[in-house]
Amino acid sequence: VTHNVKENCLFKGDRSPCGPSRVLHVRKVPIEVSEAELISLGVPFGRVTNLLMLKGKNQAFIEMASEEAAITMVNYYTTATPHVRNQPVYIQYSNHRELKTDNLPNQGRVQAALQAVNAVALGGSASGGDGTLMPGQSPVLRIIVENLFYPVSLEVLHQIFSKFGTVLKIITFTKNNQFQALLQYADPMNAHHAKVTLDGQNIYNACCTLRVEFSKLTSLNVKYNNDKSRDFTRLDLPSGDGQPTMDPALTAAFGLSMHTMTGALGPLAMPGSVSGRMTLHGMAPIAVHAVLLVSNLNPDVRVYGDVHRVKILFNKKENALIQMADATQAQLAMSHLNGQRLHGKVIRVTISKHQTVQLPREGQEDQGLTKDFSGSPLHRFKKPGSKNFQNIFPPSATLHLSNIPPSITDDILKELFAGTGYTVKAFKFFQKDRKMALIQLGSVEEAIQALIDLHNHDLGENHHLRVSFSKSTI
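So, a few notes on the structure that sits alongside this text. Computed from a predicted structure; not experimentally measured.

## Quick notes on the overall build of the protein
Each helix and strand in the protein was counted, giving ten helices and 25 strands. By residue count, 49% of the 474 residues in the protein fall in the buried class. Once local pairs closer than 6 in sequence are excluded, the contacts in the protein between residues at least 24 apart make up 69%. Within the structure as shown, the protein displays about 23,400 Å² of accessible surface, and the carbon and sulfur contribution to it stands at 50%.

Right, here's the structure in full:
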């Protein structure tokens, strides 16, 4: 009898050819799946009103209470493929407007499953009798990351918190010199479970500690989809001025596709600890590579790690592959340098799909485009536990200078920077240690270029100037 329901709206490529409908067509459904498991796919987005399973065809139809809920569900699962019994399933709009299943067998079981799952999700301990939220049970969490030794991106938060339910929106920001985020779940119970489980946990080994509490907000308003904020239900949002556009084709090309980085119901993947691999809660890690693809060339990534190899691309000389010592250093360089300006161009830094930069074989023509720097004396991070690990900051107009010999005066250093073409706005030695100083230049772009030009500059007396970005201002 079930075979009388025909689905003429064929799936082509990645886009559903049918217009929006509150009935959704689910493909590649594992044969052993239960009614409740399929209903649970829809519950985070609203009430599920009907279900039809075509077990012989590995397909199903889910009917939502409203078209709006169905649109939100399709938009979300476009970015994060849902998994049932560890198998990916694919959801698209159906050409049916409603499901008429009254006379079909097994519908008694379906109705019982619908009542049970909807009751738990939409009623349960998260709601009062009139459907209002109980005190402290907002679907929005406020997250503070303490001891921020390595950068934590929006994608990393999405990976971690998606383990507890459907994450709809995330906004990240810095307040009181702390990295914070607001994160909205589809269901307050998901927020409750995430808070109880994750509060006090470290994202990486011995650092990046999560402090999780309920927000006073009950929903978030996200205006832009970029690296600072994301609405996973609205793929049509603009990226905002000056922000990297979240182009799925681009991110996929660089091995950072949404499916591998943020697979909402797949294994949690964490970019590395010092070893390059680390997980929260012992979930299966995947390796994150130490190779960066840099466009609009050559920023100085040595500030964020030790550069081992560089390959300038033969056909696109403004692009280069840069291999760092490990995945964490690559992540740091990407986090701090992507979107910065140099020589009037915006630098783009992404993780490459390549795991290593291959050196040319002996006799192979390379035109000097590939270089090996693994033995360079300029590496700052060779020693485990080096103080340099604690002094990693984003690009700023103020530079930290060190290794200054006693005979060098402030005028000599100011003239060194001014003579190289930079605007010196302020300068001061450290009171307790004249081997170190701060110098403020005209802009962040100037400071990046000055660091490239003058790091390791010979000051005489066997002293080479050390230059890094400062968190302080003068």
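There is more to say after this.
## Some points on the sheet that holds strand β18 (residues 348-351)
Strands sit in the order β18-β13-β15-β14-β19 across an open sheet of five strands; the sheet is antiparallel. Because the sheet does not close on itself, it has two edges, and the strands there are β18 and β19 (370-372). With direction set aside, neighbouring strand axes in the sheet form an average angle of 20°. Helix-sheet contacts for helix α8 (residues 327-337) involve β13 (291-295), β15 (320-324) and β18, and the interaxial angle to β18 is about 150°.

## Notes on the sheet that holds strand β12 (residues 229-231)
Overall, antiparallel pairing links the six strands, which are arranged β10-β11-β7-β9-β8-β12 in an open sheet. Since the sheet does not close on itself, it has two edges, and those belong to β10 (202-204) and β12, each with one partner. Within this sheet the neighbouring strands show an average axis-to-axis angle of 25°, counted without direction. Where strand β7 (residues 140-146) meets strand β11 (residues 207-214), six bridges bridge the pair, whose relative direction is antiparallel. Bridge pairing in β11 links Leu 141 to Phe 214.

About the thresholds
- Residues numbered from 1 in each chain as written.
- Predicted model: local features only at pLDDT ≥ 70, side-chain atom pairs only at ≥ 80, totals over all residues.
- Heavy atoms only, no water.
- Helix = DSSP H or I, 4+ residues; strand = E, 2+ residues; numbered from the N terminus.
- Buried < 20%, exposed > 50% of the residue type's maximum accessible area, 1.4 Å probe, protein only.
- Contact = heavy atoms within 4.5 Å.
- Areas by Shrake-Rupley, 256 points an atom, 1.4 Å probe, with all protein chains shown as cover.
- Pairing = 2+ DSSP bridges.
- Axes fitted to C-alpha atoms, helices over the stretch in contact; angles between N-to-C directions.

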